[in-house]
Amino acid sequence: MLIEDKEFGEVIVRKNALSRSIKFSVSTSGRLQMSVPNHTPNFLLKKYLNLNRKNIKAKLKLADPSTQKTRDYQKKVLMKKAKAYLPYRLEYYAKLYDYKYAKCKLTHAGTRWGSCSSNKTISLNIGLMKIPEKLRDYVILHELAHLNHMDHSKAFWAEVGSHDKNYKNHDKKLKMFSPGL
Ligand SMILES: [Zn+2]
């Protein structure tokens, strides 16, 4: 759910069965995010927010409420681009190098460009649409190689290297970019 705050704009509230205390963090759109135990009554949310206001301002880098909306829009545009491109690019390389994955998921999670789960789902960050094609392809090839090696062993890097000779350079360059908006 969302609550409106004069200073922070829209605040995302997540009620979580597992959380025991209140935690504040920054969402990918730069909004304040509040994670609270499941049973927390709504009237307490604003109270907690006010109690922690000073701390939040000192510790978290929130986007200005007006740029939050701009980011929402940018994210929507990026997601649209990503949908029309990333699953097909992944499929292309999987066919080319004979990999079998179960599913392609598009994410916009924090700092990871991609991931490969043990059930063979490959997740790709929509932020990939903002970086040069060579680096984007490197991330895709990196995640595909994880289908055979769920680690960063020598064998894993050898496999990445067999598809992308410049992988070391690409991996280094990738660190200059961030998937967030
Ligand atoms: Zn990896």
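Here the structure is shown first, and the text comes after it.
Residues numbered from 1 in each chain as written. Predicted model: local features only at pLDDT ≥ 70, side-chain atom pairs only at ≥ 80, totals over all residues.

## Here's the deal with the overall build of the chain
No. 1: Counting its regular elements, the chain contains six helices and seven strands.
No. 2: The order of α-helices and β-strands along the chain, N terminus first, is β-β-β-β-α-α-α-β-β-β-α-α-α.
No. 3: Overall, the chain is about 55 × 30 × 25 Å in size when its C-alpha atoms are taken along their principal axes.
No. 4: Counting the 181 residues in the chain, one finds 23% classified as buried.
No. 5: Within the chain, counting contacts between residues at least 6 apart in sequence, those at least 24 apart form 50% of the total. (Helix = DSSP H or I, 4+ residues; strand = E, 2+ residues; numbered from the N terminus. Buried ≥ 20, exposed ≤ 12 C-beta atoms within 10 Å, placed from the backbone. Contact = placed C-beta atoms within 7 Å.)

## Looking at unusual backbone geometry
No. 1: One non-glycine residue, D98, lies in the positive phi region at around 60°.
No. 2: Its location among the elements puts D98 in the loop between helix 3 (86-96) and strand 5 (103-107).
No. 3: Phi at K120 takes a positive value of approximately 65°, unusual for a residue other than glycine.
No. 4: Tracing the backbone shows K120 in the loop between strand 6 (114-116) and strand 7 (121-125).

## Some thoughts on the packing of helix 4 (residues 133-145) against helix 5 (residues 154-163)
No. 1: Relative to each other, helix 4 and helix 5 sit at 135°, their axes nearing to 9 Å. Considering the angle they form, helix 4 stands oblique to helix 5. When the axes of helix 4 and helix 5 are compared, the crossing they make is right-handed. Across from L141, H142 and A145 in helix 4, the residues of helix 5 making contact are F156, E159, V160 and H163.
No. 2: Tallied by class, the residues present in the contact of helix 4 with helix 5 amount to four nonpolar, two polar and one charged. (Axes fitted to C-alpha atoms, helices over the stretch in contact; angles between N-to-C directions. Parallel < 35°, antiparallel > 145°, perpendicular 65-115°, else oblique. Left-handed = near helix turned anticlockwise from the far one by under 90°. Nonpolar A, V, L, I, M, F, W, Y, C, P; charged D, E, K, R; others polar.)

## Quick look at the sheet that holds strand 4 (residues 32-37)
No. 1: In space, the four strands of this open sheet follow the order 1-2-4-3, with mixed pairing throughout. Since the sheet does not close on itself, it has two edges, and those belong to strand 1 (2-5) and strand 3 (23-26), each with one partner. Neighbour to neighbour, the strand axes of the sheet diverge by 30° on average, direction disregarded. (Pairing = 2+ DSSP bridges.)

## Here we look at the nonpolar core
Grouped burial of nonpolar side chains is what soluble globular proteins tend to show.
No. 1: Judged by nonpolar contacts, the single largest core of 20 residues is most densely connected at A82, L128 and L141.
No. 2: Among the secondary structure elements, those contributing two or more residues to this core are helix 2 (65-83), helix 3, strand 7 and helix 4.
No. 3: For this core, the leading source of residues is helix 4, giving six residues.
No. 4: Those residues in contact with L128 that sit more than four places away from it in its chain are A82, L86, W113, R136 and V139.
No. 5: Listed in part, the seven residues of the second largest apolar core include V11, L32, V36 and L62. (Core = buried A, V, L, I, M, F, W, Y, C linked by C-beta atoms within 7 Å.)

## Side note on the pairing of strand 3
No. 1: Alignment of strand 3 against strand 4, held across four bridges, turns out to be antiparallel. Bridge assignment links K23 to a residue of strand 4, and that residue is S35.
No. 2: Connecting the antiparallel pair strand 3 and strand 4 is a turn made up of five residues, with G30 showing a positive phi of about 85°.

## Quick word on the packing of helix 4 against helix 6 (residues 167-174)
No. 1: The geometry of helix 4 relative to helix 6 is characterised by a closest axis approach of 10 Å and an angle of 105° between their N-to-C directions. For the element pair helix 4 / helix 6, the angle class is roughly perpendicular. For the pair formed by helix 4 and helix 6, the contact residues are K134, L135 and Y138 on the first element and Y167, H170, D171, K173 and L174 on the second.
No. 2: Per-class residue counts for the contact of helix 4 with helix 6 are four nonpolar, one polar and three charged.

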